[in-house]
Amino acid sequence: MKLKGIYEKILPFGILGALCFLFLASLIRFRPGNGSSDLKFTPYTGEIGVKGILNGSFQEEWGKWFTNNFYGQSMAVSCRNQIKYSLFHDGSGGWICGKDRYLFSASQVERYLGRHEEEVATEEYEKFASNVSQLQTSLESAGKKFVYILTPNKVEIYPEYLPWYEQIIVRYGVDRKRSAHVRLVEAFDKYGVHYYDTTEDILRMKEEADFDAFAKTGHHWTFTACAAEMNAIFSGIGPMTAGIDYPQINVVGISDEVCHYDLDILNTQNVLYKHNQDVRYQSPVIEYPKISDTNVYWFGTSYGALFTIAMYQGVEERAFDSLTFQQYFTGLFTFNEEGLLAKDFTAEDTPEDIGVMEHIRDNDLIVMEQQADSGIYPTHVKFVDYVNQALLKANQ
């Protein structure tokens, strides 16, 4: 493994050097009208000027010419990416390659380290929490139950796998006491929001379980971790939502079925060595001793999408009588005795088009969910404000 790591750092330089030599040779050897070669090389004839460089037209023209005339371009790009990936831990598409090839979302790392663009004022967290509290009160007055699920992101659980230079910042320069996660929880506590924070559960799972809590290849947690966490969530939110009949979700084994969630992130790296190509995360085998007669409406993120998989394995193998999951304002998935019904929406669709209030009317338990360290989601603000206004209007 150590020898392979050395190859990954040195070999790209050798290949890139050879390709540069071939490119320079092609500039010297191949001329227009040189019939002795099958390679048709055309010298760059575009205009090089300050205006073109500033407006980007020169870079675009040069890129097209380079692609058409340098036949090792794809390999050169892979070598460049490999050098950034292996030496500087910089992956393509907003990813950071950490220790033991753990991939982290660059935006989540930046936020964890306190380097995000603009810190949100504490007043904004309190305003959001106040509006969520208003929503909770209005729903309870209408005979509904409400709870907010907070989940950690990968860097909160596995900071020790960040690159060495980020480890120094984590050890000496990060004040997590003012993190988005902490301030959101403080605001929820202040305004009496019913919430459950899964972070401590996942940290404990990381130490005690015989499976990974988060996928090595991306930023989502694994199906197995999500399924194993559900009973802890039900126990935690039970006292806040009296009267709700919660199911039991039993993880009785691990199947041989391979789960490919997040593996597509590897394809965006375009490097010589496909790190983690052999990594697979198997799916849990789940049993539901009973189906709860509760109807649930869940508004959340892609993490919430994994929750729905843990709560629905088929028409006869499901946790709730009906579960409707809305991922932001782009997708709606209903799981019930008739199977799965999925609908996609665009930015032009309104909450009315999605039927937000109809879903609230038809369900007993309303759940919101997000990664706490991501702070205030504009989509969640939109959801809360819309429902509050609709409920206020309905009560007038």
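Structure first, text after, so check above.
Computed from a prediction, not measured in an experiment: that's the story for all the values here.

Calculation rules
- Residues numbered from 1 in each chain as written.
- Predicted model: local features only at pLDDT ≥ 70, side-chain atom pairs only at ≥ 80, totals over all residues.
- Heavy atoms only, no water.
- Salt bridge = Lys/Arg side-chain N within 4 Å of Asp/Glu carboxyl O.
- Helix = DSSP H or I, 4+ residues; strand = E, 2+ residues; numbered from the N terminus.
- Buried < 20%, exposed > 50% of the residue type's maximum accessible area, 1.4 Å probe, protein only.
- Expected span 1.5 Å × (residues − 1).
- Contact = heavy atoms within 4.5 Å.
- Polar contact = N/O pair within 3.5 Å; in protein donor to acceptor, adjacent residues only side chain to side chain.

Trainee: Whenever I open this one, the pattern of salt bridges confuses me. Can you help?
Mentor: A side chain of one charge can pair with a side chain of the opposite charge when the charged atoms of the two come close. All chains considered together, the criterion is met by 7 salt bridges. Here Glu-126 ties to Lys-190 by a salt bridge, and the two come within 3.2 Å at their closest N and O atoms. Here the residue Glu-126 occupies a position in helix α6 (residues 122-141), and Lys-190 occupies one in helix α9 (residues 180-190), the gap between them amounting to 64 residues. A salt bridge links Asp-321 to Arg-318; the shortest N-O distance between them is 3.4 Å. Residue class for Asp-321 comes out partly exposed when judged on its relative accessible area of 30%.

Trainee: Just checking my understanding: could you explain unusual backbone geometry for this structure?
Mentor: Residues other than glycine seldom take positive phi values, yet Tyr-328 does so here, at roughly 50 degrees. As for its placement among the helices and strands, Tyr-328 is situated in the loop between β9 (320-327) and β10 (331-336). Given a relative accessible area of 22%, Tyr-328 falls into the partly exposed group.

Trainee: When you look at helix α15 (residues 378-395) in this model, what are you seeing that I'm missing?
Mentor: One turn of an α-helix holds 3.6 residues; hence residues three or four places apart share an orientation. Under the 1.5 Å per step criterion, the end-to-end length of α15 is 26 Å for 18 residues, consistent within 8% with the ideal 26 Å. For α15, the full list of buried residues reads His-380, Phe-383, Val-384, Tyr-386, Val-387, Asn-388 and Leu-391. Contact partners of the buried residues in α15: α6, β4 (145-151), β8 (292-300), α13 (351-354), α14 (356-362) and β12 (365-371).

Trainee: Before we go on, may I ask you to explain the side chain of Thr-294 in this structure?
Mentor: Within the secondary structure, Thr-294 is located in strand β8. At 3.1 Å, the side chain of Thr-294 forms a polar contact with the side chain of Ser-292. The contact partners of Thr-294, leaving out residues within four places of it in the chain, are Ile-244, Asp-245, Phe-320, Asp-321, Ser-322, Asp-364 and Leu-365.

Nothing here speaks to function; it is geometry throughout.
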